[in-house]
Amino acid sequence: MILTTFCSKCLQPITNKDRNIINLIQREYTKDDVPWYIGYSGGKDSSAVLTLVFNALVEIKKHHKPVEIIYCDTGVEIPTISKYVKSTLESLKLESTSFNLPFKVTIAKPKLDDRYFVKVIGRGYPPPTNIFRWCTDRLRINPVKSIIDNNAYSIVLLGVRLGESKERDKTIKKHNTDSKYYLNQGTSTKTKIFSPIIDYTVNDVWATLKFNALPYSIDHSTIGQLYKDAGSECPVYRETKGTPCGKGRFGCWTCTVVRQDKSVRSMIEHGYDELKPLFEFRNWLSIFRDQADFRCKVRRNGASGLGPITLVGRKMILQRLLETEIKSDLRLIEKEEILRIKELWQVDEDNSGYREK
Ligand code: SF4
């Protein structure tokens, strides 16, 4: 690797590749007033983007527009990861202020009725599968989208990279624009995706995290450790339609889209004992989902076939979840979610059209 330049603020070496991309980010940032958002998950790719933008803005004197960093807290993030991300964001806020940078940090959350446990325990949705994956939009995409869509136009910076898989490359190509760094956002003409690291290899990404001292809040060794312990990352914004997020990734600890949760299992093997009860709950839930005895024989639309989880089944899940909280000593469901769940049970109990058989 050739290191030729130095960061003007911290006097650390910067790779040639990063130098070119930092220049590109500076040009793109200064050219117009379109608001910028960074979709941040705490994973290596979004951390690399944040690192490059931070270093680009440190060198610019006038910051004419804010850059909003958005992290989506689904409520079922792996607690260890979510704790790391939130503390990183807290220190980033301070660091941004100390460098006079225009960063704003926002933690997005799904609407109460869209939260995982409100859907499963309150409404009786079966925990998601590959065929019925109701979760990604509700838990991850919509909360971020609702913030970004408040603008007439916006640019979302994501850590999308070519070469991750053939399938991913194909979808990226489908969303191509005139510039290789920009992708179209589905059918939306209001939002463009800007991925400064589109050409980066995994090694380039790690080099970015390692060789840029700024921001101090992003600690490459902690991220490296989490990767060793868990897996890869989950999308924070719909960069390409249908991108799955449950495959051995930094995702929801309840994820039943994958056959086995390799991330959490690997973390337990690396000593995160508090996750053991969560892992057991998730495994129990994925079996429970398919037990016909706890599923209504009629769907909510009246058609026959496996319908929602029965009220008895939903109460069993809540009971088991509360036991899991005690065993792990972790807060896994919020009070307002429990209240909403109980309201939804009442709605079904009072509804003469609701049938379990
Ligand atoms: S991690 Fe799994 S449960 Fe969570 S949004 Fe992604 S696919 Fe759904």
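Cut-offs applied
Residues numbered from 1 in each chain as written. Predicted model: local features only at pLDDT ≥ 70, side-chain atom pairs only at ≥ 80, totals over all residues. Heavy atoms only, no water. Core = buried A, V, L, I, M, F, W, Y, C linked by side-chain atoms within 4.5 Å. Buried < 20%, exposed > 50% of the residue type's maximum accessible area, 1.4 Å probe, protein only. Helix = DSSP H or I, 4+ residues; strand = E, 2+ residues; numbered from the N terminus. Contact = heavy atoms within 4.5 Å. Axes fitted to C-alpha atoms, helices over the stretch in contact; angles between N-to-C directions. Parallel < 35°, antiparallel > 145°, perpendicular 65-115°, else oblique. Left-handed = near helix turned anticlockwise from the far one by under 90°. Nonpolar A, V, L, I, M, F, W, Y, C, P; charged D, E, K, R; others polar. pLDDT = per-residue confidence, 0-100. Expected span 1.5 Å × (residues − 1). Arc of directions from axis to C-beta. Pairing = 2+ DSSP bridges. Right-handed = clockwise from strand over helix to strand, strands pointing away. Disulfide = S-S within 2.5 Å.

### Brief notes about the nonpolar core
So, point 1. In this structure, Phe103 and Phe117 are the most contacted members of the largest nonpolar core, which totals 100 residues.
So, point 2. Among the elements that take part in this core, helix α2 (residues 44-58) stands out by supplying nine residues, more than any other.
So, point 3. When near neighbours in sequence (up to four residues on either side) are disregarded, phenylalanine 103 contacts Ile38, Leu50, Val53, Phe54, Leu57, Val67, Ile69 and Ser96.

### Points about the packing of helix α4 (residues 116-123) against helix α12 (residues 335-350)
So, point 1. Running from N to C, α4 and α12 point in directions that differ by 30°, and their axes come no closer than 8 Å. When the axis of α4 is compared with that of α12, the two are roughly parallel. α12 is crossed by α4, and the crossing has right-handed handedness. Mapping the contact onto sequence places Phe117, Val118, Ile121, Gly122 and Arg123 in α4 and Glu337, Arg340, Ile341, Leu344 and Trp345 in α12.
So, point 2. The residue inventory of the contact of α4 with α12, partitioned by class, reads six nonpolar, one polar and three charged.

### Observations regarding the confidence of the model for the chain
So, point 1. Confidence along the chain averages 89 in pLDDT terms, with 90% of residues attaining 70 or more.
So, point 2. Note on residues 234-248: pLDDT is under 50 here. Beyond four places in sequence and across chains, it has 54 contacts.

### Some points on α12
So, point 1. The end-to-end C-alpha distance of α12, which contains 16 residues, comes to 23 Å, matching closely the 22 Å that a straight helix rising 1.5 Å per residue would cover.
So, point 2. Turning to α12, its buried residues are Glu337, Ile338, Arg340, Ile341, Leu344, Trp345 and Asp348. Looking straight down α12, one finds its buried side chains confined to an arc of 165°; they lie on one side. Within α12, the exposed residues directed more than 90 degrees away from the buried face are Lys335, Leu339 and Asp350.
So, point 3. Residues of α12 that are buried make contact with α4 and α11 (311-328).

### As for the environment of leucine 226
So, point 1. Within the secondary structure, leucine 226 is located in helix α8 (residues 220-229).
So, point 2. C-alpha of leucine 226 to C-alpha of glycine 43: the two residues are 183 residues apart in sequence and 8.8 Å apart in space.

### Observations regarding the pairing of strand β3 (residues 36-39)
So, point 1. With burial as the criterion, each face of β3 is covered, one bearing Trp36 and Ile38 and the other bearing Tyr37 and Gly39.
So, point 2. Of the strand pairs in this sheet, β3 and strand β4 (residues 67-72) are connected by four bridges, and their pairing is parallel. Residue isoleucine 38 lies in a different strand from β4, and its bridge partner there is isoleucine 69.
So, point 3. Note on the crossover from β3 through α2 to β4: the handedness is right-handed.
So, point 4. Sheet topology note: the β3/strand β6 (residues 154-157) ladder contains three bridges and is parallel. Across the sheet, tryptophan 36 pairs through a bridge with isoleucine 155, a residue of β6.

### Structural notes on the side chain of glutamate 95
So, point 1. Tracing the backbone through its elements, the reader meets glutamate 95 in helix α3 (residues 79-98).
So, point 2. Not counting residues up to four positions away in its chain, the partners in contact with glutamate 95 are Phe54, Leu214, Pro215, Tyr216 and Ser217.

### Thoughts on the state of the cysteines
So, point 1. Evaluation of the coordinates by the stated rule reveals zero disulfides.
So, point 2. The closest cysteine sulfur to the non-disulfide-bonded cysteine 72 is located on cysteine 252, 9.0 Å from its own sulfur.
So, point 3. Its relative accessible area of 4% is what places cysteine 72 among the buried residues.

### Focus: the sheet that holds β6
So, point 1. With mixed pairing, six strands are arranged side by side in an open sheet as β5-β4-β3-β6-β8-β7. Looking at strand neighbours, the two that pair on one side only are β5 (103-108) and β7 (182-185), the edges of this open sheet. The sheet shows a mean angle of 30° between the axes of neighbouring strands, taken without regard to direction.
So, point 2. As judged from the six bridges shared by β4 and β5, these two strands associate in the parallel manner. Across the sheet, the residue bridging to isoleucine 69 is valine 105, located in β5.
So, point 3. Along the sheet, α2 makes contact with β3, β4, β5 and β6, crossing β3 at roughly 145°.
So, point 4. Along the sheet face, α3 touches β4 and β5 and points at about 165° away from the line of β4.

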